[in-house]
Amino acid sequence: MNNQSSSTKQQLLQLLKIEKRLTAGELAKRLEVSEMAVRRHLHTLERDGLVQATLVRQAMGRPTNVYELSEKGEERFPQHYKQLTMDLLKELEHVAGAEMLERLFRARTERLKATYERDFQKKTFEQKMKRLLKLQNEQGYMAKVKRDEDGTYHLIAYHCPISEVAKEYHSVCSCEQQLFRQLLDTSEVVLRTCITKGDDMCRYQIKEQTGE
(Lines give C-alpha, C1' and ligand atoms only; values in the text may rest on other atoms or scores of the structure.)
Protein backbone atom coordinates (compact mmCIF):
# COMPACT_ATOMS: atom_id res chain seq x y z
CA MET A 1 0.00 0.00 0.00
CA ASN A 2 2.79 2.39 0.92
CA ASN A 3 4.70 1.51 -2.24
CA GLN A 4 1.60 2.14 -4.33
CA SER A 5 1.04 5.48 -2.61
CA SER A 6 4.66 6.47 -3.20
CA SER A 7 4.39 5.43 -6.84
CA THR A 8 1.26 7.56 -7.35
CA LYS A 9 2.94 10.59 -5.79
CA GLN A 10 5.93 10.15 -8.07
CA GLN A 11 3.62 9.91 -11.08
CA LEU A 12 1.92 13.13 -10.01
CA LEU A 13 5.27 14.89 -9.76
CA GLN A 14 6.31 13.58 -13.18
CA LEU A 15 3.06 14.76 -14.78
CA LEU A 16 3.46 18.22 -13.30
CA LYS A 17 7.07 18.30 -14.47
CA ILE A 18 6.00 17.55 -18.03
CA GLU A 19 2.73 19.49 -18.29
CA LYS A 20 3.60 22.22 -15.77
CA ARG A 21 0.13 23.16 -14.47
CA LEU A 22 -2.84 20.83 -13.99
CA THR A 23 -5.99 20.65 -11.88
CA ALA A 24 -6.78 17.70 -9.63
CA GLY A 25 -9.40 16.56 -12.13
CA GLU A 26 -6.93 16.65 -15.01
CA LEU A 27 -4.37 14.72 -12.98
CA ALA A 28 -6.98 12.11 -12.04
CA LYS A 29 -7.84 11.56 -15.72
CA ARG A 30 -4.19 11.21 -16.71
CA LEU A 31 -3.57 8.62 -13.98
CA GLU A 32 -6.96 6.93 -14.33
CA VAL A 33 -7.62 7.11 -10.58
CA SER A 34 -10.29 8.84 -8.54
CA GLU A 35 -10.10 12.59 -8.04
CA MET A 36 -10.45 12.00 -4.29
CA ALA A 37 -7.30 9.88 -4.29
CA VAL A 38 -5.41 12.52 -6.28
CA ARG A 39 -6.49 15.27 -3.89
CA ARG A 40 -5.28 13.20 -0.95
CA HIS A 41 -1.84 12.80 -2.52
CA LEU A 42 -1.72 16.46 -3.56
CA HIS A 43 -2.49 17.49 -0.01
CA THR A 44 0.51 15.47 1.19
CA LEU A 45 2.78 16.81 -1.55
CA GLU A 46 1.69 20.36 -0.79
CA ARG A 47 2.31 19.82 2.92
CA ASP A 48 5.81 18.55 2.09
CA GLY A 49 6.46 21.65 -0.01
CA LEU A 50 6.81 19.75 -3.31
CA VAL A 51 3.79 21.24 -5.09
CA GLN A 52 1.96 24.55 -4.84
CA ALA A 53 -1.59 25.51 -5.74
CA THR A 54 -2.99 28.66 -7.32
CA LEU A 55 -6.69 29.45 -7.20
CA VAL A 56 -7.84 30.22 -10.75
CA ARG A 57 -11.20 31.75 -11.65
CA GLN A 58 -13.13 30.15 -14.49
CA ALA A 59 -15.61 31.57 -16.99
CA MET A 60 -18.28 29.35 -15.48
CA GLY A 61 -18.45 27.60 -12.12
CA ARG A 62 -16.42 28.04 -8.99
CA PRO A 63 -12.70 28.86 -8.94
CA THR A 64 -10.44 25.81 -8.97
CA ASN A 65 -6.94 25.05 -7.77
CA VAL A 66 -4.24 24.58 -10.39
CA TYR A 67 -1.18 22.66 -9.19
CA GLU A 68 2.46 23.00 -10.20
CA LEU A 69 5.85 21.95 -8.87
CA SER A 70 7.44 24.16 -6.25
CA GLU A 71 11.14 24.96 -6.35
CA LYS A 72 11.69 22.10 -3.90
CA GLY A 73 9.67 19.82 -6.18
CA GLU A 74 11.82 20.77 -9.17
CA GLU A 75 14.88 19.73 -7.18
CA ARG A 76 13.53 16.18 -6.96
CA PHE A 77 14.53 15.69 -10.58
CA PRO A 78 18.15 15.11 -11.60
CA GLN A 79 20.19 18.29 -11.89
CA HIS A 80 23.81 18.27 -12.96
CA TYR A 81 24.58 21.98 -12.79
CA LYS A 82 27.08 21.49 -9.94
CA GLN A 83 29.08 19.00 -11.97
CA LEU A 84 28.76 21.22 -15.04
CA THR A 85 30.16 24.16 -13.05
CA MET A 86 33.11 22.11 -11.86
CA ASP A 87 33.75 20.77 -15.37
CA LEU A 88 33.75 24.28 -16.82
CA LEU A 89 36.12 25.59 -14.15
CA LYS A 90 38.48 22.66 -14.68
CA GLU A 91 38.41 23.25 -18.42
CA LEU A 92 39.09 26.97 -17.97
CA GLU A 93 41.99 26.18 -15.65
CA HIS A 94 43.39 23.74 -18.19
CA VAL A 95 43.06 26.16 -21.12
CA ALA A 96 43.88 29.51 -19.48
CA GLY A 97 45.72 28.57 -16.30
CA ALA A 98 45.14 29.01 -12.57
CA GLU A 99 45.78 32.77 -12.76
CA MET A 100 42.77 33.22 -15.04
CA LEU A 101 40.59 31.45 -12.48
CA GLU A 102 41.83 33.81 -9.79
CA ARG A 103 40.93 36.75 -12.00
CA LEU A 104 37.50 35.25 -12.55
CA PHE A 105 36.83 34.88 -8.82
CA ARG A 106 38.08 38.42 -8.13
CA ALA A 107 35.88 39.80 -10.90
CA ARG A 108 32.89 38.04 -9.34
CA THR A 109 33.72 39.65 -6.00
CA GLU A 110 33.86 43.11 -7.60
CA ARG A 111 30.56 42.52 -9.37
CA LEU A 112 28.88 41.49 -6.11
CA LYS A 113 30.35 44.52 -4.38
CA ALA A 114 28.96 46.83 -7.08
CA THR A 115 25.57 45.13 -6.79
CA TYR A 116 25.22 45.41 -3.02
CA GLU A 117 27.37 48.31 -1.82
CA ARG A 118 24.60 50.89 -2.17
CA ASP A 119 22.50 48.86 0.31
CA PHE A 120 25.28 49.26 2.89
CA GLN A 121 25.88 52.98 2.53
CA LYS A 122 24.79 55.37 5.32
CA LYS A 123 24.05 52.50 7.70
CA THR A 124 25.34 51.85 11.19
CA PHE A 125 27.63 48.85 11.61
CA GLU A 126 24.81 46.91 13.28
CA GLN A 127 22.50 47.67 10.34
CA LYS A 128 25.20 46.54 7.93
CA MET A 129 25.52 43.24 9.79
CA LYS A 130 21.76 42.71 9.59
CA ARG A 131 21.83 43.43 5.85
CA LEU A 132 24.73 41.02 5.34
CA LEU A 133 22.87 38.33 7.29
CA LYS A 134 19.82 38.82 5.09
CA LEU A 135 21.91 38.50 1.93
CA GLN A 136 23.56 35.32 3.18
CA ASN A 137 20.24 33.70 3.99
CA GLU A 138 18.77 34.72 0.64
CA GLN A 139 21.65 32.82 -0.94
CA GLY A 140 21.05 29.69 1.13
CA TYR A 141 23.79 29.85 3.77
CA MET A 142 21.43 29.18 6.73
CA ALA A 143 23.21 31.91 8.66
CA LYS A 144 22.78 33.69 11.97
CA VAL A 145 24.63 36.45 13.82
CA LYS A 146 25.77 36.54 17.43
CA ARG A 147 27.18 39.60 19.20
CA ASP A 148 29.53 39.52 22.19
CA GLU A 149 29.39 42.07 24.97
CA ASP A 150 32.56 43.71 23.65
CA GLY A 151 30.89 44.36 20.28
CA THR A 152 32.49 41.46 18.41
CA TYR A 153 30.13 39.85 15.90
CA HIS A 154 30.12 36.22 14.81
CA LEU A 155 28.53 35.46 11.43
CA ILE A 156 27.80 31.72 11.45
CA ALA A 157 26.73 29.76 8.36
CA TYR A 158 25.53 26.17 8.75
CA HIS A 159 25.39 25.47 5.02
CA CYS A 160 27.62 26.37 2.08
CA PRO A 161 25.77 26.32 -1.27
CA ILE A 162 29.07 26.67 -3.17
CA SER A 163 30.99 24.08 -1.15
CA GLU A 164 31.80 21.89 -4.19
CA VAL A 165 33.61 24.80 -5.84
CA ALA A 166 35.14 26.10 -2.60
CA LYS A 167 36.61 22.69 -1.70
CA GLU A 168 38.50 22.65 -4.97
CA TYR A 169 39.30 26.36 -5.15
CA HIS A 170 39.96 27.80 -1.69
CA SER A 171 40.36 31.31 -3.07
CA VAL A 172 36.55 31.45 -3.29
CA CYS A 173 36.48 31.70 0.51
CA SER A 174 39.17 34.39 0.46
CA CYS A 175 37.13 36.37 -2.05
CA GLU A 176 34.02 36.08 0.12
CA GLN A 177 36.01 37.31 3.11
CA GLN A 178 37.23 40.28 1.07
CA LEU A 179 33.68 41.06 -0.04
CA PHE A 180 32.54 41.17 3.60
CA ARG A 181 35.39 43.57 4.43
CA GLN A 182 34.40 45.87 1.59
CA LEU A 183 30.66 45.86 2.30
CA LEU A 184 31.14 46.31 6.05
CA ASP A 185 34.00 48.80 5.61
CA THR A 186 36.24 47.03 8.10
CA SER A 187 39.43 44.98 7.84
CA GLU A 188 38.46 43.08 11.00
CA VAL A 189 36.91 40.04 9.28
CA VAL A 190 38.52 36.71 10.18
CA LEU A 191 37.36 33.27 9.06
CA ARG A 192 37.70 31.10 12.18
CA THR A 193 36.12 27.84 10.98
CA CYS A 194 35.23 26.63 7.49
CA ILE A 195 32.93 23.88 6.22
CA THR A 196 35.21 23.15 3.26
CA LYS A 197 38.05 22.38 5.69
CA GLY A 198 35.98 19.84 7.61
CA ASP A 199 34.40 22.08 10.25
CA ASP A 200 30.71 21.88 11.10
CA MET A 201 30.11 25.51 10.15
CA CYS A 202 31.70 28.60 8.66
CA ARG A 203 32.26 31.22 11.36
CA TYR A 204 33.48 34.72 10.68
CA GLN A 205 34.67 36.89 13.57
CA ILE A 206 33.88 40.49 12.68
CA LYS A 207 34.64 43.77 14.43
CA GLU A 208 33.83 47.35 13.54
CA GLN A 209 36.84 49.33 12.28
CA THR A 210 38.08 51.77 14.90
CA GLY A 211 40.86 54.33 14.70
CA GLU A 212 43.38 54.33 11.90
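About the cut-offs
- Residues numbered from 1 in each chain as written.
- Predicted model: local features only at pLDDT ≥ 70, side-chain atom pairs only at ≥ 80, totals over all residues.
- Heavy atoms only, no water.
- Core = buried A, V, L, I, M, F, W, Y, C linked by side-chain atoms within 4.5 Å.
- Buried < 20%, exposed > 50% of the residue type's maximum accessible area, 1.4 Å probe, protein only.
- Helix = DSSP H or I, 4+ residues; strand = E, 2+ residues; numbered from the N terminus.
- Contact = heavy atoms within 4.5 Å.
- Pairing = 2+ DSSP bridges.
- Axes fitted to C-alpha atoms, helices over the stretch in contact; angles between N-to-C directions.
- Salt bridge = Lys/Arg side-chain N within 4 Å of Asp/Glu carboxyl O.
- Parallel < 35°, antiparallel > 145°, perpendicular 65-115°, else oblique.
- Nonpolar A, V, L, I, M, F, W, Y, C, P; charged D, E, K, R; others polar.
- Left-handed = near helix turned anticlockwise from the far one by under 90°.

## Digging into the nonpolar core
At step 1: Residues F105, F120, L155, Y169, F180, L184 and I206 are the most contacted members of the largest nonpolar core, which totals 34 residues.
At step 2: Of all the secondary structure elements, the ones that give two or more residues to this core are α5 (81-96), α6 (98-120), α7 (125-138), β5 (153-157), α8 (163-168), α9 (171-184) and β7 (202-206).
At step 3: When residues of this core are assigned to their parent elements, the largest contribution, 7 residues, is made by α9.
At step 4: Not counting the four nearest positions on each side in its chain, F180 is found in contact with L132, Q136, L155, D185, V189 and Y204.
At step 5: Counting 17 residues, the second largest nonpolar core, distinct from the first, contains A24, L42, L50 and Y67.

## Some words on unusual backbone geometry
At step 1: For K20, which is not glycine, the phi dihedral falls at a positive 75 degrees.
At step 2: By secondary structure assignment, the location of K20 is in the loop between α1 (2-19) and β1 (22-23).
At step 3: We note that E32 has phi near 60 degrees; this positive angle belongs to a residue other than glycine.
At step 4: Considering the arrangement of structural elements, one finds E32 in the loop between α2 (24-31) and α3 (35-47).

## Considering the sheet that holds strand β6 (residues 189-193)
At step 1: Overall, antiparallel pairing links the 4 strands, which are arranged β4-β5-β7-β6 in an open sheet. Every other strand in the sheet has two partners, leaving β4 (143-147) and β6 as the edge strands with one partner each. Here the strands of the sheet are splayed against their neighbours by 25 degrees on average, with no regard to which way each runs.
At step 2: Here β5 runs beside β7; their pairing, made up of 5 bridges, is antiparallel. Counterpart to H154 in the pairing with β7 is Q205.
At step 3: Along the sheet, α9 contacts β5, β6 and β7; its crossing angle with β6, the most-contacted strand, is approximately 140 degrees.

## Focus: the pattern of salt bridges
At step 1: Applying the stated criterion to the full structure yields 8 salt bridges.
At step 2: Between E168 and K90 there is a salt bridge whose closest N-O contact spans 2.5 Å. Of the two residues, E168 is situated in helix α8 and K90 in helix α5; the sequence distance between them amounts to 78 residues.
At step 3: Among the residues examined, E168 registers a relative accessible area of 41% and is labelled partly exposed.

## With respect to the packing of α5 against α6
At step 1: Packing of α5 against α6 leaves a shortest axis separation of 6 Å and a crossing angle of 125 degrees. As judged from the angle between their axes, α5 and α6 are oblique. Residue-level contacts link L89, L92, E93 and A96 of α5 to A98, M100, L101, L104 and F105 of α6.
At step 2: Of the residues that constitute the contact of α5 with α6, the class distribution is 8 nonpolar, no polar and 1 charged.

## Looking at the packing of α7 against α9
When two helices pack together, their arrangement is captured by the angle between the axes and the distance separating the axes.
At step 1: Remark: α7 packs on α9, axes separated minimally by 10 Å, with the N-to-C direction vectors making an angle of 140 degrees. The angle between α7 and α9 falls in the class oblique. Of the two possible hands of crossing, α7 and α9 adopt the one that is right-handed. Residue-level contacts link F125, K128, M129, L132 and Q136 of α7 to E176, F180, L183 and L184 of α9.
At step 2: Its residues assigned to classes, the contact of α7 with α9 shows 6 nonpolar, 1 polar and 2 charged.

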